[in-house]
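Observations on chain architecture
Take a look at the letters that make up each chain.
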Amino acid sequence: MSPVEKRSVTIRGHRTSYSLEKPFYDDLVTTAAARKLTLAALVAEIDETRPRDANLSSALRLYVLDWAKRGAGVA
(Lines give C-alpha, C1' and ligand atoms only; values in the text may rest on other atoms or scores of the structure.)
Protein backbone atom coordinates (compact mmCIF):
# COMPACT_ATOMS: atom_id res chain seq x y z
CA MET A 1 0.00 0.00 0.00
CA SER A 2 1.14 3.52 -0.76
CA PRO A 3 2.03 5.67 2.25
CA VAL A 4 -0.28 8.53 3.11
CA GLU A 5 1.06 11.96 2.16
CA LYS A 6 -0.15 15.19 3.76
CA ARG A 7 -0.79 18.13 1.42
CA SER A 8 -1.93 21.71 2.00
CA VAL A 9 -4.41 23.80 0.05
CA THR A 10 -6.09 27.17 0.40
CA ILE A 11 -9.89 27.03 0.21
CA ARG A 12 -11.78 30.32 0.22
CA GLY A 13 -8.78 32.07 1.82
CA HIS A 14 -8.35 29.44 4.54
CA ARG A 15 -5.35 27.07 4.66
CA THR A 16 -6.22 23.46 5.34
CA SER A 17 -4.62 20.10 4.76
CA TYR A 18 -5.63 16.65 3.66
CA SER A 19 -3.91 13.29 3.61
CA LEU A 20 -4.11 10.92 0.65
CA GLU A 21 -2.31 7.87 -0.62
CA LYS A 22 -0.41 8.57 -3.87
CA PRO A 23 -2.86 6.66 -6.14
CA PHE A 24 -5.78 8.73 -4.83
CA TYR A 25 -3.78 11.95 -5.22
CA ASP A 26 -2.73 11.03 -8.76
CA ASP A 27 -6.33 10.29 -9.75
CA LEU A 28 -7.49 13.54 -8.15
CA VAL A 29 -4.95 15.47 -10.26
CA THR A 30 -6.08 13.58 -13.39
CA THR A 31 -9.73 14.31 -12.60
CA ALA A 32 -9.03 18.02 -12.13
CA ALA A 33 -7.25 18.13 -15.49
CA ALA A 34 -10.09 16.24 -17.20
CA ARG A 35 -12.57 18.74 -15.81
CA LYS A 36 -10.28 21.66 -16.75
CA LEU A 37 -10.03 22.77 -13.13
CA THR A 38 -7.04 23.52 -10.96
CA LEU A 39 -6.48 20.99 -8.23
CA ALA A 40 -7.30 23.65 -5.63
CA ALA A 41 -10.60 24.43 -7.38
CA LEU A 42 -11.60 20.76 -7.44
CA VAL A 43 -10.68 20.30 -3.78
CA ALA A 44 -12.70 23.43 -2.90
CA GLU A 45 -15.71 22.10 -4.84
CA ILE A 46 -15.53 18.76 -3.04
CA ASP A 47 -15.09 20.51 0.30
CA GLU A 48 -18.13 22.69 -0.35
CA THR A 49 -20.40 19.73 -1.13
CA ARG A 50 -19.21 17.25 1.50
CA PRO A 51 -21.31 16.49 4.55
CA ARG A 52 -20.05 18.52 7.51
CA ASP A 53 -19.47 15.35 9.54
CA ALA A 54 -17.14 13.91 6.85
CA ASN A 55 -13.49 14.90 6.88
CA LEU A 56 -11.93 16.35 3.73
CA SER A 57 -9.55 13.44 3.12
CA SER A 58 -12.41 10.93 3.18
CA ALA A 59 -14.52 13.15 0.91
CA LEU A 60 -11.67 13.34 -1.61
CA ARG A 61 -11.22 9.56 -1.63
CA LEU A 62 -14.95 9.00 -2.11
CA TYR A 63 -15.02 11.53 -4.95
CA VAL A 64 -12.15 9.76 -6.74
CA LEU A 65 -13.85 6.39 -6.22
CA ASP A 66 -17.15 7.70 -7.58
CA TRP A 67 -15.37 9.28 -10.58
CA ALA A 68 -13.67 5.96 -11.36
CA LYS A 69 -16.89 3.96 -10.97
CA ARG A 70 -18.65 6.25 -13.40
CA GLY A 71 -15.91 5.74 -15.97
CA ALA A 72 -14.39 9.20 -15.57
CA GLY A 73 -17.66 10.82 -16.59
CA VAL A 74 -18.86 14.15 -15.33
CA ALA A 75 -18.72 14.17 -11.54
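Residues numbered from 1 in each chain as written. Predicted model: local features only at pLDDT ≥ 70, side-chain atom pairs only at ≥ 80, totals over all residues. Heavy atoms only, no water.

1. Notes on the packing of helix 1 (residues 22-34) against helix 3 (residues 56-69)
Packed helix pairs are specified by the crossing angle of their axes together with the interaxial distance, meaning the distance between the axes. At a minimum axis separation of 10 Å, helix 1 and helix 3 run at an interaxial angle of 65°. As for how helix 1 packs across helix 3, the hand of that crossing is left-handed. Contacts between helix 1 and helix 3 pair Phe24, Asp27, Leu28, Thr31 and Ala34 from the former with Leu60, Arg61, Tyr63, Val64 and Trp67 from the latter. In the contact of helix 1 with helix 3, the residues fall into 7 nonpolar, 1 polar and 2 charged. (Axes fitted to C-alpha atoms, helices over the stretch in contact; angles between N-to-C directions. Helix = DSSP H or I, 4+ residues; strand = E, 2+ residues; numbered from the N terminus. Left-handed = near helix turned anticlockwise from the far one by under 90°. Contact = heavy atoms within 4.5 Å. Nonpolar A, V, L, I, M, F, W, Y, C, P; charged D, E, K, R; others polar.)

2. Thoughts on the environment of Tyr63
Position of Tyr63 relative to the elements: it lies in helix 3. For the pair Tyr63 and Arg52, spaced 11 residues apart in sequence, the C-alpha to C-alpha distance is 15 Å.

3. Section: the packing of helix 2 (residues 39-49) against helix 3
Running from amino to carboxyl end, helix 2 crosses helix 3 at an angle of 105°, the nearest separation of the two axes being 10 Å. When the interaxial angle is binned, helix 2 and helix 3 end up roughly perpendicular. Where helix 2 approaches helix 3, its residues Leu42, Val43, Glu45, Ile46 and Asp47 are matched on the opposing element by Leu56, Ala59, Leu60 and Tyr63. (Parallel < 35°, antiparallel > 145°, perpendicular 65-115°, else oblique.)

4. Section: the packing of aromatic side chains
Scanning all chains against the criterion turns up 1 aromatic pair. Ring geometry for Tyr63 versus Trp67: centroids 6.5 Å apart, planes at 20°, classification stacked. Highlighted residues: Tyr63 and Trp67, both in helix 3, separated by 4 residues, approximately one helical turn. The buried category is assigned to Tyr63, whose relative accessible area is 12%. Taking relative accessible area as the criterion, Trp67 reaches 10% and is therefore assigned buried. (Phe/Tyr/Trp six-rings, centres within 6.5 Å; stacked < 30°, edge-to-face > 60°. Buried < 20%, exposed > 50% of the residue type's maximum accessible area, 1.4 Å probe, protein only.)

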